[in-house]
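# Architecture at a glance
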Amino acid sequence: MKSLFVEGNSAMHRLSARAKLLVLAALGVLLFLSANFLLLALAVLATATIYFSIGLPARSALARLKPIFLTILVVALFSLAFNPWHVAVVALLRLTALMLFAAAVTATTTIAQFIDQITLLARPLERLGLLRADDVGLAVGLVVRFVPEILGRYQAIREAHAARGIKVRPTTVLVPLIILTLRDADNIAAAIDARGVRRHVNLRTR
């Protein structure tokens, strides 16, 4: 499997995984508390500076952002269709700033660090009986791990359509993409059960 993690020695790489996740959570809250164009634009500029300073080549850095930014653009256009223009601009700025910082976090944090820190942060909720921290950590780790695989498969399906002269439409791409992703999810679930991961977790938490 591919990984979103990129080796490097930037300030984001040196920052602890827990600090990055806490900053990301705080940033998400703060961005949605403000509707000021100037502040949000500065947030976009700051997060863009952080993202492009982690050591990725410019082309590779932009390629990673393309699918997510297209999604954000669709959300902003949908918002524009039902709200005043300034509401759509605020949504675009908020999501762009959050996306840029989240991309910097995923590029400078390993899957193991994600799982460890998410599990640790979820422990208080486990003590309240709301969830199993190990399950949450594993789920987040798998989601992060599968993102580049899904993007790669999406590109492969597009290229296969183009090679056959089939016009690329959302319906013709998304259906096989969803089917393949669900199949992989079933295979991963079967592998987890075969290795007794959840059983070992349950025994350890008793």
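Given the structure is predicted, the values throughout are model-derived calculations rather than measurements.

Turning our attention to the overall build of the protein chain. A tally of regular secondary structure across the protein chain gives nine helices and zero strands. When the helices and strands of the protein chain are listed from N to C terminus, the series reads α-α-α-α-α-α-α-α-α. Across the protein chain, contacts joining residues at least 24 apart in sequence account for 70% of those joining residues at least 6 apart. When the accessible surface of the protein chain is totalled, it reaches about 12,700 Å², and 68% of it is carbon and sulfur.

Following both chains from N to C, one finds helix 3 (residues 37-51) and helix 5 (residues 85-107) inclined at 25 degrees, their axes separated by 8 Å at the closest point. One way to sum up the angle between helix 3 and helix 5 is to call them roughly parallel. In this structure, the crossing between helix 3 and helix 5 has a hand that is left-handed. Contacts from Phe37, Leu40, Ala41, Ala43, Val44, Thr47, Ala48, Ile50 and Tyr51 of helix 3 reach helix 5 at Trp85, His86, Val89, Val90, Leu93, Arg94, Thr96, Ala97, Leu100, Phe101, Ala103 and Ala104.

The calculated volume of the second largest pocket comes to roughly 150 Å³. If you list the elements that add at least two residues to the lining of the second largest pocket, you get helix 2 (17-31), helix 5 and helix 6 (111-127). Residue contributions to the lining of the second largest pocket peak at four residues, all from helix 2. Here the residues of the lining of the second largest pocket are counted per class, giving nine nonpolar, one polar and no charged.

Next up on the list: a nonpolar patch on the surface. Together, Phe37, Phe69, Leu70, Leu73, Leu77, Leu80 and Trp85 make up an exposed nonpolar region whose accessible area comes to about 660 Å². The biggest single contributor to the nonpolar patch is helix 4 (residues 58-82), with five residues. In this structure, Phe37 sits in helix 3.

Glancing now at the environment of Lys167. Summarising the element assignment, Lys167 is placed in the loop between helix 7 (133-163) and helix 8 (170-194). In this view, Lys167 contacts His161 and Thr172; residues no more than four positions away in its chain are not counted.

Scanning the model with the defined rule gives three aromatic pairs in all. Taken together, a centroid distance of 5.1 Å and an interplanar angle of 75 degrees make the contact between Tyr51 and Phe52 edge-to-face.

Our focus in this paragraph is helix 3. Its 15 residues place the ends of helix 3 21 Å apart at the C-alpha level, agreeing with the 21 Å of an ideal helix rising 1.5 Å per residue. Looking at helix 3, one finds that the buried residues are Leu40, Ala43, Val44, Thr47, Ala48 and Tyr51. Each buried residue of helix 3 sits inside an arc of 130 degrees when the element is viewed along its axis, so together they form one side. Facing away from the buried side of helix 3, by more than 90 degrees, are the exposed residues Leu38, Leu39 and Leu45. As for helix 3, its buried residues are in contact with helix 2, helix 4 and helix 5. Structurally, the start of helix 3 carries an N-cap: the backbone nitrogen of Leu38 is 2.9 Å from a side-chain oxygen of Asn36.

What counts and what doesn't
- Starting afresh in each chain, residues are numbered from 1 along the sequence in its written order.
- Given that the model is predicted, a residue must reach a pLDDT of at least 70 before its local features are reported, and side-chain atom pairs must reach 80 or more before they are shown or counted; all residues, however, enter totals for whole chains, interfaces and linings.
- Water and hydrogen atoms play no part in the side-chain values, which are based on all heavy atoms of the structure.
- Segments assigned H or I by DSSP are reported as helices when at least four residues long, segments assigned E as strands when at least two residues long, and all are numbered from the N terminus.
- Throughout, a residue-residue contact means that at least one pair of heavy atoms, one from each residue, lies within 4.5 Å.
- Surface accessibility follows the Shrake-Rupley procedure with a 1.4 Å probe radius. Residue values consider only the protein chains on display as shielding.
- Inter-axis angles, ranging from 0 to 180 degrees, are taken between N-to-C directions of lines fitted to C-alpha atoms, where helices are fitted over the stretch in contact.
- Angles are sorted into four bins: roughly parallel if under 35 degrees, roughly antiparallel if over 145, roughly perpendicular if 65 to 115, and oblique for all others.
- Each helix crossing is assigned a hand: it is left-handed if the near helix lies turned anticlockwise from the far helix by less than a right angle, otherwise right-handed if that turn is clockwise.
- In this analysis, the protein atoms alone were mapped onto a 1 Å grid. Cavities are point sets where a 1.4 Å probe fits without being able to get out; pockets are open sets with protein on both sides within 12 Å along at least five of seven lines; lining residues have an atom within 4 Å of a point.
- Grid points are joined across faces, edges and corners, and a volume is the space filled by probe spheres set on the points.
- Three classes are used: nonpolar for Ala, Val, Leu, Ile, Met, Phe, Trp, Tyr, Cys and Pro, charged for Asp, Glu, Lys and Arg, and polar for all others, with Gly counted as polar.
- Patch criteria: residues need more than 30% relative accessible area and no salt bridge. Like-charged residues are merged within 9 Å; nonpolar side chains of Val, Leu, Ile, Met, Phe, Trp and Tyr are merged within 5 Å.
- Here, a salt bridge means any Lys or Arg side-chain nitrogen found within 4 Å of an Asp or Glu carboxyl oxygen.
- Only rings of Phe, Tyr and Trp enter the pairing, Trp through its six-membered ring, and a pair is recorded when the two centres are within 6.5 Å. The plane angle decides the type: under 30 degrees is stacked, over 60 is edge-to-face, the rest tilted.
- The span you would expect from a helix comes to 1.5 Å times its residue count less one.
- For every residue, the accessible area obtained with a 1.4 Å probe (protein chains only) is divided by the maximum for its type, and the residue is called buried under 20%, exposed over 50%, and partly exposed between those limits.
- As used here, the arc belongs to the directions running from the helix axis to the C-beta atoms.
- A 3.5 Å cut-off defines polar contacts: any pair of N or O atoms within that distance qualifies, except that in protein one atom must be a possible hydrogen donor and the other a possible acceptor, and neighbouring residues in sequence count only when both atoms are side-chain atoms.

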